[in-house]
Amino acid sequence: MSTNSTELYAGKVLRLCREVHTLPNGRTGHYEIVHHSGGAAILPILPNGEVLLIRQFRPVAGKMVIEIPAGRLDPGEAPADCARRELEEETGYRVGELIDLGSTLPSVGYTDERIHLFVACDLTAGTLAQEHHEFIEFLPLPLEEAIAMAGDGRIDDAKTQLALLLYATRVGGCR
């Protein structure tokens, strides 16, 4: 529990705060915490059973990153609605069946961001609406190849690695 919080920065995407928290043993700890509204990410499954990954330029990584479509939650937006919106904007596909894979805390050491993970089945054509700052290429792959790429480091995006693992072990395919 935070006993004291000082906002150091507030931007469009995040807030940075210096906080004092009481630990389970009664001591206090001082932390710099990035507060983020969270997001949703979606693993699209094409009619032929392949996964549709995207290759997107990510300035933080300084390179093209292979990942699943994802985006930040708008205020009051449900994670499933965010996943549907991002899938259509980034790939031009609409979701027929949405499977919830749960959520993850991608970097719990410094941020409260939570990413909700979904699988998209029964895709239909929608409207591609990539934002002006996005540079995205499509990368359809057999699931086994995508998992191999996650295992050998060619896919190094954590939300994508986790979504592939959860899909392969929990879901295994679209109906």
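For the structure itself, look to the data block above.
Conventions adopted
Residues numbered from 1 in each chain as written. Predicted model: local features only at pLDDT ≥ 70, side-chain atom pairs only at ≥ 80, totals over all residues. Heavy atoms only, no water. Axes fitted to C-alpha atoms, helices over the stretch in contact; angles between N-to-C directions. Helix = DSSP H or I, 4+ residues; strand = E, 2+ residues; numbered from the N terminus. Parallel < 35°, antiparallel > 145°, perpendicular 65-115°, else oblique. Left-handed = near helix turned anticlockwise from the far one by under 90°. Contact = heavy atoms within 4.5 Å. Nonpolar A, V, L, I, M, F, W, Y, C, P; charged D, E, K, R; others polar. Polar contact = N/O pair within 3.5 Å; in protein donor to acceptor, adjacent residues only side chain to side chain. Buried < 20%, exposed > 50% of the residue type's maximum accessible area, 1.4 Å probe, protein only. Pairing = 2+ DSSP bridges. Disulfide = S-S within 2.5 Å. 1 Å grid on protein atoms, 1.4 Å probe; cavity = no way out; pocket = protein on both sides within 12 Å on 5 of 7 lines; lining within 4 Å. Points joined across faces, edges and corners; volume = space filled by probe spheres on them.

(A) Broad picture of the packing of helix α2 (residues 143-152) against helix α3 (residues 158-171). Orientation of α2 relative to α3, taken along the N-to-C sense of each, is 135°, at an axis distance of 10 Å. When the axis of α2 is compared with that of α3, the two are oblique. At the point where α2 passes α3, the crossing takes the left-handed sense. Where α2 abuts α3, its residues L143, A146, I147 and A150 lie against Q161, L164, Y167 and A168. Residues of the contact of α2 with α3, tallied by class, amount to seven nonpolar, one polar and no charged.

(B) The arrangement of the side chain of E88 in detail. Tracing the sequence through the fold places E88 in helix α1 (residues 79-91). At 3.3 Å, the side chain of E88 and the side chain of R94 are in polar contact. Among the polar contacts listed, one links the side chain of E88 to the backbone nitrogen of T127, at a separation of 2.8 Å. E88 has contacts with Y93, R94, G126, T127, L128 and A129, leaving out every residue within four places of it along the chain.

(C) Highlighting the environment of A70. Position of A70 relative to the elements: it lies in strand β7 (residues 70-72). For A70, a relative accessible area of 14% gives the class buried. In the structure, A70 is positioned 27 residues away from L43 in sequence and 9.1 Å away in space, judged by C-alpha atoms. Excluding its chain neighbours within four sequence positions, the residues that come into contact with A70 are A40, A41, E86, E90 and K159.

(D) Fine view of the sheet that holds strand β5 (residues 51-58). On the basis of which strands lie adjacent, the open sheet formed by three strands has the order β6-β5-β12 and antiparallel pairing. Among the strands making up the open sheet, the edge pair consists of β6 (63-67) and β12 (136-141). The mean angle between the axes of side-by-side strands here comes to 25°, regardless of whether they run parallel or antiparallel. Across five bridges, the pairing between β5 and β6 is antiparallel. When the bridges of β6 are listed, R58 appears paired with K63. Helix-sheet contacts for α1 involve β5 and β12, and the interaxial angle to β5 is about 75°. Contacts between α2 and the sheet are confined to β5, β6 and β12, with β12 contributing the most and set at about 115° to the helix.

(E) Looking closely at the state of the cysteines. Scanning the model with the defined rule gives one disulfide in all. Two residues share a disulfide in this structure: C121 and C174, whose sulfurs sit 1.9 Å from each other. Disulfide C121-C174: torsion about the S-S bond near -70°, hence left-handed. On the criterion of sequence distance, the pair formed by C121 in strand β10 (residues 115-121) and C174 in the segment after α3 is long-range, its members being 53 residues apart. On the basis of relative accessible area, C121 is assigned to the buried category, the value being 1%. C174 sits in the partly exposed class, given a relative accessible area of 30%.

(F) Structural detail: the layout of surface pockets. Approximately 1400 Å³ is the volume found for the largest pocket. Taken together, 37 residues make up the lining of the largest pocket; nearest its centre are V13, H36, R58, E113 and K159. Every element with two or more residues in the lining of the largest pocket is listed here: β3 (28-36), β4 (39-44), β5, β6, β7, α1 and α3. Classifying every residue of the lining of the largest pocket gives 15 nonpolar, eight polar and 14 charged.

(G) Representation of the sheet that holds β7 in the model. Reading across the sheet, the four strands line up as β7-β4-β10-β9 and stay open at both edges, with mixed pairing between neighbours. Taken across any chain shown, the strands that pair with only one partner, and hence form the sheet edges, are β7 and β9 (97-104). Within this sheet the neighbouring strands show an average axis-to-axis angle of 20°, counted without direction. Bridge count between β4 and β7: three bridges; the pairing is antiparallel. Note on β7: the bridge partner recorded for A40 is G71. Docked against the sheet, α1 engages β4, β7, β9 and β10, running at close to 125° with respect to β7. Along the sheet face, α3 touches β4, β7, β9 and β10 and points at about 120° away from the line of β9.

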